[in-house]
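# Overview (structure and organization)
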Amino acid sequence: MLCHHYLPTLLLPALAAMAMHSSRRALTRFSGLLRQRRAIHAAAQASTVNDAEISHFSRLSSEWWDESGEFSFLHRMNPVRVQFIQEKLAEIARDEAPDGGADIQPGTILKGLDVLDIGCGGGLLSESLARLGARTVGIDASDANIAIASLHASADPSFRLSSSAFTLPHSSNSRNSLTYLHTTTSALLDPTSLEASPLIVPRQYDVVTSLEVLEHVSNPAHFLSECCSLVKPGGHLFLSTMARTPLAYALTILFAEHISGKVSKGTHTFSKYVNPDELLDFFKEYPPNEHQKWIEPSAKTYIPRHQAEVRGLIYNPLSASWILAPRNSLLGAQCNYIFWVRKPYAPSTI
């Protein structure tokens, strides 16, 4: 749920020097973690919710909308994330339009789409997507996060707001559909889980987002599978997380948590970071019992443009802003990155 500084190259030697003063035991453990490959291929069936992570972010829930606080870098990153989502959807829509899609614009591409934001936190992304016309559902396993998200959205009369936290009358000017639910992906996929709820939400979505969440869940393979099940055939899944690299460790843990103190200690666990190639490999094998995979398994040296894309997210401290790295540049995705993949229209079983 949190991503941080991309520091100037001149600072990296200083960070490395600080790291060298850590204990031998810590360095040995870090080296071991770096060599590990995060297990996102096992078909784990246990809950994906990590209670410790939920408790941690629940304690920070009141800071979600403080643009200079704990989540300041997410506030700065959010426009770039939304830009990538809009441009990717528009690109695919143009490619599939019979007339070439000259009238398809990123600014209107989300209008009328059903969008699910998994791990919505305080609603930074959910509100942005809803304002762009998407029928947005934000879910989070933290009831405190849902309460904060709902409270913030309730102050904007343009939202037609529904929430499991509380109910408010709709403004006569409400035009943007936004629903918040204190629930999990597992519960959404359970046909009986929401029977008692007055809130009606889709079972599958045109777009599913889960940004800065994957590095905080237990059983990532099962979590990814649940995300995939919530995507309509032909729909889109957007993920963002952090690569398990020395650079990511130096910036997001050593510097952000222990040196600058900009982020609470314990927010990140390096062993939970996921490299881009691990996500690519997962979708080259998914679904496990179907012939048609989300990404063509034979694509060894390239990423099929209509199936997946990786873009690094790089922070420029001089302008205090984030930029997107070139398409599918794994070198540019050594710390924060965003990942897009598309669900096939007609999977065929073996």
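Residues numbered from 1 in each chain as written. Predicted model: local features only at pLDDT ≥ 70, side-chain atom pairs only at ≥ 80, totals over all residues. Heavy atoms only, no water.

It is worth spelling out the overall build of the protein at this point. In terms of helices and strands, the protein carries ten helices and nine strands. Relative to its full complement of 350 residues, the protein shows a buried share of 53%. Considering only contacts in the protein between residues 6 or more positions apart, those separated by 24 or more positions represent 68%. Carbon together with sulfur atoms contributes 55% to the accessible area of the protein, which is approximately 15,500 Å² in total. (Helix = DSSP H or I, 4+ residues; strand = E, 2+ residues; numbered from the N terminus. Buried < 20%, exposed > 50% of the residue type's maximum accessible area, 1.4 Å probe, protein only. Contact = heavy atoms within 4.5 Å. Areas by Shrake-Rupley, 256 points an atom, 1.4 Å probe, with all protein chains shown as cover.)

Bringing the sheet that holds strand β4 (residues 176–182) into the picture now. Strand pairing in a sheet relies on backbone hydrogen bonds. The paired strands run either parallel or antiparallel. Spatially, nine strands are ordered β3-β4-β2-β1-β5-β6-β9-β7-β8 in an open sheet, and the strand pairing comes out mixed. Strands at the two margins of the open sheet, each flanked by one partner only, are β3 (159–163) and β8 (321–324). Taken pair by pair, the neighbouring strands of this sheet meet at an average axis angle of 20°, ignoring direction. The pairing of strand β2 (residues 135–140) with β4 spans five bridges and is classified as parallel. Counterpart to Gly138 in the pairing with β4 is Tyr180. Along the sheet, helix α10 (residues 276–284) makes contact with β6 (231–242), β7 (308–316) and β9 (336–342), crossing β9 at roughly 15°. (Pairing = 2+ DSSP bridges. Axes fitted to C-alpha atoms, helices over the stretch in contact; angles between N-to-C directions.)

The next subject is the confidence of the model for the protein. In this model, the protein carries an average pLDDT of 84, and 80% of its residues clear a pLDDT of 70 or more. Within the model, the stretch residues 1–31 combines pLDDT values under 50 with 61 contacts to residues more than four positions away or in other chains. (pLDDT = per-residue confidence, 0-100.)

The next thing to look at is unusual backbone geometry. The omega angle of the peptide bond from Tyr286 to Pro287 is 0°, so this bond is cis rather than trans. Residue placement: Pro287 occurs in the loop between α10 and β7. A positive phi angle is found at Glu212, which is not glycine, with a value near 55°. Looking at where Glu212 falls in the secondary structure, it is placed in the loop between β5 (205–211) and α8 (220–229). For Ala320, which is not glycine, the phi dihedral falls at a positive 55°. Counting through the fold element by element, Ala320 comes out in the loop between β7 and β8.

Following both chains from N to C, one finds helix α4 (residues 72–96) and helix α5 (residues 124–131) inclined at 40°, their axes separated by 10 Å at the closest point. Accordingly, the angle class assigned to the pair α4 and α5 is oblique. The interaxial crossing formed by α4 with α5 has right-handed handedness. Of α5, the residues touching α4 (which contributes Leu74, His75, Asn78, Arg81, Val82 and Ile85) are Leu124, Leu125 and Ser128. Residues that form the contact of α4 with α5 fall into these classes: five nonpolar, three polar and one charged. (Parallel < 35°, antiparallel > 145°, perpendicular 65-115°, else oblique. Left-handed = near helix turned anticlockwise from the far one by under 90°. Nonpolar A, V, L, I, M, F, W, Y, C, P; charged D, E, K, R; others polar.)

Tallied over the full model, the rule gives 15 salt bridges. Residues Glu96 and Arg342 are paired through a salt bridge, measuring 2.5 Å at the closest nitrogen-oxygen approach. With Glu96 in helix α4 and Arg342 in strand β9, this pair connects stretches of sequence that are 246 residues apart. Given the relative accessible area of 9%, Arg342 is considered buried. (Salt bridge = Lys/Arg side-chain N within 4 Å of Asp/Glu carboxyl O.)

The next subject is the nonpolar core. Formed by 39 residues in total, the largest nonpolar core has its most connected members in Leu116, Leu237, Leu279, Phe283 and Phe339. For this core, the elements supplying multiple residues, two or more each, are β1 (114–118), β2, β5, α8, β6, α10, β7 and β9. Looking at this core element by element, the count peaks at five residues for α8. In this structure, Phe339 is in contact with Leu237, Phe238, Leu239, Leu279, Leu280, Phe283, Ile295, Glu309 and Val310, ignoring residues within four places of it in sequence. (Core = buried A, V, L, I, M, F, W, Y, C linked by side-chain atoms within 4.5 Å.)

A separate point is the packing of α8 against α10. It is the contact of α8 with α10, at a shortest axis distance of 12 Å, that shows an interaxial angle of 60°. If you check the angle between α8 and α10, you find them oblique. Handedness of the α8/α10 crossing: right-handed. On α10, the residues that touch Ala221, Leu224, Ser225 and Cys228 of α8 are Leu279, Phe282 and Phe283. Looking at the contact of α8 with α10, its residues break down into six nonpolar, one polar and no charged.

It is worth spelling out the packing of aromatic side chains at this point. Counted by the stated rule, this structure contains twelve aromatic pairs. Consider the rings of Phe282 and Phe283, whose centres lie 5.0 Å apart with planes at 85°: the pair is edge-to-face. Each of the two residues, Phe282 as well as Phe283, counts as buried. Ring-pair connections join several aromatic residues into one group, and the members of that group are Phe282, Phe283, Tyr286, Trp294 and Phe339. When the ring centre of Phe73 is taken as reference, the NZ or CZ atom of Arg76 above it lies at 5.4 Å. (Phe/Tyr/Trp six-rings, centres within 6.5 Å; stacked < 30°, edge-to-face > 60°. Lys NZ or Arg CZ within 6 Å of the ring centre and 35° of its normal.)

The subject of this paragraph is α10. Given 3.6 residues to a turn, an α-helix orients residues that are three or four positions apart in the same direction. Counting buried residues in α10 gives seven out of nine residues, a clear majority hidden from the surface. The set of residues buried in α10 consists of Pro276, Glu278, Leu279, Leu280, Phe282, Phe283 and Lys284. Its buried side turned inward, α10 meets α8, β6, β7 and β9.

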